[in-house]
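Residues per chain are reported as follows:
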Amino acid sequence: MADLAIDVHALTKTYRTPFTRKKVEALRGVTFAVERGHIFGFVGPNGAGKTTTIRTLMGLIRPSAGSATLLGHPLGSRAARARVGFLPESPYFYDYLNVGELCDLAGRLFGLPPAVRKQRADALIEKLGLGRARGQSLKKFSKGMLQRAGLAQALMNDPELVVLDEPMSGLDPIGRKEVRDLILELRDQGKTVFFSTHILSDVEAITDRVAIVARGQLQAHGTPAELVSRSLQGVDVTVRLAAGEPAAALADGAHRVRRVGDELSLTLPADADVDAWLARAHAAGAKVVAVAPRHETLEDLFVRRVAGADRPASAGQAAP
Amino acid sequence: MTGRIWAIALNTFREAARIRVLYGIGVLVLGSNLLALVLAQLSLNEPGRVARDVGLAGISLFGSLTAILLGVFLLYTEVARRTIHAIVAKPISRWEFVVGKYAGMAVVLSVLVAVFGLAMVAMLALQGTGLSSGLAKALVLSWFEVLTVAAIAIFFSSFSTPFLSGIFALATWVIGRLAPDLEATTQQASPVIRVTTKIALEIVPDVHLFAISGRSLDGAAVSVHADFVPWSYVALACGHGLGWIIALVAFAALLFHRRDFV
């Protein structure tokens, strides 16, 4: 247990609507653990309960039931919050401050002495590429710059655990890569990073473990390699058709069929006779461009689990 | 603890200093001082008395309205704009946050009352009226009235919208200000009205204690122009206000402590 940065057990949050007092179950018994030194991706569709989980962990929301610890301390503990850095979803900061003042405010709340505050703020502002915008008020910042300012204030206490709610949201591809690199760098420094995202390629690229949440319940939890099936899901084939050759005959029985100009891409079922299909394509005058085995991706798993969670019959089933 | 409260207070001061309405209120106070000068010239007797009365009324009225404005907005907007999310996730207690917000507001209001007071003193100097200890006492009482009204506003703001908080705070201030008159008026009313008024007066801060000039105190008329209250009265009234401030901010912190920030 000592090696767990986050330990969540049967976390439940139920709201009541303002007038009708109708119950809304935002979290339904979410249980997972994050080991120290890991990058943990928390993925799910909109309204799945990702942000509610994170806000509960950060003490912004009180759980209706269940428990959790951060760095071995119970939820809401000041000792834990002193060692955690937090970037909220779509961060809103005091727009009259500049990034240096924002970092200074964060440093004051962490109880850092003035010299340390200045030194860390300077280093983080430069590292996150905000040096040239240092004098500008946050009001003038783009969404990507605000996200980076939010990361700077989150890292002011040199945290052991970094919790990032949608850190790639609103960033362009370069910005996303920079955040990915920063997360990897934080892990290399021995920190634990817990982040939520919709962007599955980011999760696959950098996480040690992943949890998929949908409709307030955990749908899957493990390493990306454990979660996705290693068995063959099909064979992706791309061929260049002879002029005027119709694709219909070759597409029979295949799925994900797509034709762009004279190039036809499709996926043959895992049990299809690929040699026989290729022979047929040759006979029809087509030239083979690419043949590749298709394994399940995190996106496939995500779609399967989330779709499963959305079916009424599966609602209420516990995560495996 | 004090470092965290001071950090929030400093930030609140910065935020409040950017509210343009405050500068508008400042202009109104200067305007009321100019009006006091004009009215003093028009008065047949005691121009100094008119100038002092209008000036003090301006400080009390505009100071209290500013306190309501700041009190109902500054805490609420932290939640509405979600700026509070990055703050309460840090090692700061929610009560420290509420106290910090109040402290920041108190600093802003103190600066405003000081500026209003200086403007009034300048106006009185122009008009040829000197300073007196009565005026200093009246200014201290006005200052505590404004601080108490800010605490009333922040209390309502901890669980209500700015609109409703504004109405509640304004009503509490008006009832508290008119308490002796309301009590006297309802003496001959039906028992229901009398009891209701009594209960209402018991649960609102006695803001009228801060506006004592022109009233009867222990059977003697007191006036900022002549026989005004002793410093011991000022200390007691401020102590009363301080008690309400502590209670209201504590209740606000308690209510804030139980809130979910979704």
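Caption draft 1: Layout of the overall build of chain A. Looking only at helices and strands, one finds eleven helices and 14 strands in chain A. On the principal axes, the C-alpha backbone points of chain A span a range of 75 × 50 × 45 Å. Within chain A, counting contacts between residues at least 6 apart in sequence, those at least 24 apart form 71% of the total.

Caption draft 2: Looking closely at the sheet that holds strand 5 (residues 73–74) of chain A. Residue and element names in this part refer to chain A. Sheet architecture is open: four strands sit in the order 2-1-4-5, paired in antiparallel fashion. Two strands close off the open sheet at either side, each with one partner strand: strand 2 (23–35) and strand 5. Strand direction decides the pairing type here: strand 1 (residues 4–16) and strand 2, joined by nine bridges, are antiparallel. Residue pairing for strand 2: Leu-11 is matched across the bridge by Val-30. Those strands touched by helix 1 (residues 50–57) are strand 1, strand 2 and strand 4 (65–70), and its axis lies near 115° from that of strand 1.

Caption draft 3: Molecular detail of the pairing of strand 7 (residues 161–165) of chain A. All names here are of chain A. Among the five residues of strand 7, five are classified as buried, and the element is accordingly described as predominantly covered. Burial of the side chains of strand 7 extends over both faces: Leu-161, Val-163 and Asp-165 are buried on one face and Val-162 and Leu-164 on the other. Summarising the sheet, strand 6 (residues 84–87) and strand 7 pair through four bridges and their orientation is parallel. Across the sheet, Phe-86 pairs through a bridge with Val-163, a residue of strand 7. By the bridge criterion, five bridges tie strand 7 to strand 8 (residues 192–197) in an arrangement that is parallel. Of the residues in strand 8, the one forming a bridge with Leu-164 is Phe-195.

Caption draft 4: Examining the domain arrangement of chain A more closely. Segmentation of chain A into domains returns domain 1 (4–227) and domain 2 (232–295). The C-alpha-based centres of domain 1 of chain A and domain 2 of chain A are spaced at 44 Å.

Caption draft 5: Main features of unusual backbone geometry. Its identity as a non-glycine residue notwithstanding, Ala-10 of chain A has a phi of 50°, on the positive side. Tracing the backbone shows Ala-10 of chain A in strand 1. Despite not being glycine, Arg-82 of chain B has its phi angle at roughly 65°, a positive value. A tally of 18 C-beta atoms within 10 Å means that Arg-82 of chain B is categorised as partly exposed.

Caption draft 6: Structural context of the nonpolar core. One finds Ala-150 and Ala-151 of chain B to be the most contacted residues of the largest nonpolar core, which totals 157 residues. Sort the elements by how many residues they give to this core and helix 6 (residues 133–157) of chain B lands first, with 16 residues. With sequence-adjacent residues up to four places away left out, Ala-151 of chain B is seen in contact with Tyr-102, Trp-244, Ile-245, Leu-248 and Val-249 of chain B. Within the second largest apolar cluster, ten residues are counted, among which are Leu-250, Leu-264, Leu-268 and Ala-286 of chain A.

Caption draft 7: Just the environment of Pro-63 of chain A, in detail. Assignment of secondary structure puts Pro-63 of chain A in the loop between helix 1 and strand 4. Beyond its immediate stretch of four places on either side in the chain, Pro-63 of chain A contacts Leu-11, Thr-12, Lys-13 and Thr-56 of chain A.

Caption draft 8: Examining the packing of helix 2 (residues 20–42) of chain B against helix 5 (residues 94–127) of chain B more closely. All names here are of chain B. Packing of helix 2 against helix 5 leaves a shortest axis separation of 10 Å and a crossing angle of 20°. When the axes of helix 2 and helix 5 are compared, the pair comes out roughly parallel. Relative to helix 5, the crossing made by helix 2 is right-handed. In contact with Gly-26, Val-29, Leu-30, Asn-33, Ala-36, Leu-37 and Ala-40 of helix 2, helix 5 contributes Val-115, Phe-116, Ala-119, Met-120, Met-123, Leu-126 and Gln-127. Its residues placed into classes, the contact of helix 2 with helix 5 shows eleven nonpolar, three polar and no charged.

Caption draft 9: Fine view of the interface of chain A and chain B. Between chain A and chain B, the contact holds 23 residues from the first and 21 residues from the second. When residues in the side of chain A that touches chain B are grouped by element, the largest group, four residues, is from helix 3 (residues 99–109) of chain A. Partitioned by chemical class, the residues of the side of chain A that touches chain B number 15 nonpolar, three polar and five charged.

Caption draft 10: Representation of helix 3 (residues 47–80) of chain B in the model. Residue and element names in this part refer to chain B. Between its first and last C-alpha atoms helix 3 spans 48 Å; for 34 residues at 1.5 Å apiece the expected length is 50 Å, and the two agree. The element helix 3 is largely enclosed, with a buried count of 25 among its 34 residues. Arg-82 sits one or two positions beyond helix 3 and adopts a positive phi of about 65°.

Caption draft 11: Broad picture of helix 2 of chain B. Residues and elements named next belong to chain B. The end-to-end C-alpha distance of helix 2 is 33 Å, a good match for the 33 Å that 23 residues give at a rise of 1.5 Å each. Listed as buried for helix 2 are Val-29, Ser-32, Asn-33, Ala-36 and Ala-40. As for helix 2, its buried residues are in contact with helix 3 and helix 5.

Caption draft 12: Looking closely at the packing of helix 6 of chain B against helix 7 (residues 162–177) of chain B. All names here are of chain B. Helix 7 packs onto helix 6 with a crossing angle of 145° between their chain directions and a minimal axis gap of 9 Å. In this structure, helix 6 crosses over helix 7, and the sense of that crossing is right-handed. Residues Val-149, Ile-152, Ala-153, Phe-156 and Ser-157 of helix 6 form the contact with helix 7, whose participating residues are Ser-165, Phe-168, Ala-169, Thr-172 and Trp-173. Within the contact of helix 6 with helix 7, the residues separate by chemical class into seven nonpolar, three polar and no charged.

Caption draft 13: Representation of the sheet that holds strand 8 of chain A. All names here are of chain A. Strand order in this open sheet of six strands is 6-7-8-3-9-10, and the pairing throughout is mixed. Here the strands that pair on one side only, and so sit at the sheet edges, are strand 6 and strand 10 (217–222). Averaged over neighbouring strand pairs, the angle between their axes works out to 15° when direction is ignored. Bridge count for strand 3 (residues 39–43) against strand 9 (residues 209–214) is four bridges, and the pairing is parallel.

Caption draft 14: Up close: the environment of Leu-65 of chain B. For Leu-65 of chain B, the position within the fold is in helix 3. Taking the C-alpha atoms as reference points, Leu-65 of chain B and Ser-160 of chain B, separated by 95 residues in sequence, lie 18 Å from one another.

Caption draft 15: Structural detail: the pairing of strand 3 of chain A. Residue and element names in this part refer to chain A. Burial analysis of strand 3 places five of its five residues in the buried class, which makes it a mostly covered element. Direction of pairing for strand 3 relative to strand 8: parallel, over a ladder of five bridges. Note on strand 8: the bridge partner recorded for Phe-42 is Ser-196.

Caption draft 16: Geometry of the confidence of the model for chain B. All names here are of chain B. For chain B, per-residue confidence averages 88 on the pLDDT scale, and residues scoring 70 or more make up 100% of the total. Looking at the elements of chain B, mean pLDDT is at its lowest for strand 1 (residues 215–217), recorded as 72, and at its highest for helix 10 (residues 231–257), recorded as 94. Quick note on the complex model: pTM equals 0.84, ipTM equals 0.82.

Parameters at a glance
Residues numbered from 1 in each chain as written. Chains lettered and ligands numbered in written order. Predicted model: local features only at pLDDT ≥ 70, side-chain atom pairs only at ≥ 80, totals over all residues. Helix = DSSP H or I, 4+ residues; strand = E, 2+ residues; numbered from the N terminus. Contact = placed C-beta atoms within 7 Å. Pairing = 2+ DSSP bridges. Axes fitted to C-alpha atoms, helices over the stretch in contact; angles between N-to-C directions. Buried ≥ 20, exposed ≤ 12 C-beta atoms within 10 Å, placed from the backbone. Domains from an automatic or database assignment. Core = buried A, V, L, I, M, F, W, Y, C linked by C-beta atoms within 7 Å. Parallel < 35°, antiparallel > 145°, perpendicular 65-115°, else oblique. Left-handed = near helix turned anticlockwise from the far one by under 90°. Nonpolar A, V, L, I, M, F, W, Y, C, P; charged D, E, K, R; others polar. Expected span 1.5 Å × (residues − 1). pLDDT = per-residue confidence, 0-100.

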